[in-house]
Each structure stands twice: as C-alpha cells, then as structure tokens.
Amino acid sequence: MITQSSSGLLVLLSVGLSLILRNYSVSALSCGVCDPELCSPDPKDCPGGFTKGICNCCNVCAKLVNESCGGNFGLLGKCADNLRCYISPKVGQAITGQEEGICKGKK
C-alpha cells in the first residue's frame, strides 16, 4: 500500500534521478546494412590510399601524417596503412577509445 508520504518520496526520488541523469549524454551511431551501390564514387586524389568510412562500407581517403584521426565513433577518419593514430590523453584521464588522435609513423 502506497501512502501519501511514500508517494511524495517516490516523486522526490524521481525528480532527483532525472536531475542527475540530465547531465549525462548518450550518443549512438547507426549504420545499417552496407550497400556499396549507395556509396559515392571513390575520391579521385588520395595520396594515402583508401580506407573504409565509419560504417566500414564506403571508401574514403586515408589520413596522412599530422592529420586528425579517431574521435567519437572514428568520425575523424583512419590513418593510411603505414601510419597509426596516436592519442595524447592528459595524465590521469581515462581512455575511452573515442579520443581524437594524430596520424604518425608506426614505431
């Protein structure tokens, strides 16, 4: 049996929880099924060669030395085969796999 005082507590808890959760954001990427016929034609000038885009379907130009890479869902792109995406998190910062990096030669 829910009394008036317990229903007031439920409302208070609900309001508190919604205030806490509104400070968190959720992002998602939805790619669907790959249909190469829907891809744009391959770019003409790609000195670093091709790589697959964020949904791993269509060809895009691979990133070159000192270009941005990685980022949320890999939106900033992938490095050319002879390069690697290096991140530089601040000391003590957690690594999430969504960091922005810079393409540099493999060590």
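Scroll up a little and you will see the structure.
Residue positions within a chain follow its written sequence, with the count starting from 1. The model is predicted, so local features are restricted to residues of pLDDT at least 70 and side-chain atom pairs to those at 80 or more, both for listing and for counting; the totals for chains, interfaces and linings are taken over all residues. The side-chain numbers reported here are obtained from all heavy atoms of the structure, hydrogens and water having been left aside.

(A) View of the nonpolar core. Throughout, nonpolar core names a set of buried Ala, Val, Leu, Ile, Met, Phe, Trp, Tyr and Cys residues whose side chains join them through atoms within 4.5 Å. Using a 1.4 Å probe on the protein chains alone, a residue whose accessible area is under 20% of its type maximum counts as buried, one over 50% counts as exposed, and one in between counts as partly exposed. Within the largest apolar cluster, six residues are counted, these being Ala62, Cys69, Cys79, Ala80, Leu83 and Cys103. Note on contacts: a residue pair is in contact if any heavy atoms of the two residues lie within 4.5 Å. Once residues within four sequence positions are removed from consideration, alanine 80 is found in contact with Gly48, Ala62 and Lys63.

(B) Spotlight on the sheet that holds strand β5 (residues 100-105). For two strands to be treated as a pair, DSSP must find at least two bridges joining them. What counts as a helix is a DSSP run of H or I of at least four residues, what counts as a strand is a run of E of at least two, and both are numbered from the N terminus. Strands sit in the order β3-β5-β4 across an open sheet of three strands; the sheet is antiparallel. Strands at the two margins of the open sheet, each flanked by one partner only, are β3 (68-70) and β4 (83-86). Here the strands of the sheet are splayed against their neighbours by 50 degrees on average, with no regard to which way each runs. Convention adopted: a line fitted to C-alpha atoms gives each axis, helices being fitted over their contacting stretch, and angles between N-to-C directions are expressed from 0 to 180 degrees.

(C) Structural detail: a positive patch on the surface. Like charges within 9 Å and nonpolar side chains (Val, Leu, Ile, Met, Phe, Trp, Tyr) within 5 Å are joined into patches, using only residues over 30% in relative accessible area that form no salt bridge. Note on areas: Shrake-Rupley with a 1.4 Å probe; residue coverage comes only from the protein chains shown. One side-chain nitrogen of Lys or Arg within 4 Å of one carboxyl oxygen of Asp or Glu is enough to make a salt bridge. Under the counting rule used here, the positive set is Lys and Arg, the negative set is Asp and Glu, and His together with the chain ends is not counted. Working definition for charges: the position is that of NZ of Lys, CZ of Arg, CG of Asp or CD of Glu. Together, Arg84, Lys104, Lys106 and Lys107 line one region of the surface with positive charge. As for its position among the elements, lysine 107 is in the segment after β5. According to the relative accessible area criterion, lysine 107 is exposed, its value standing at 90%.

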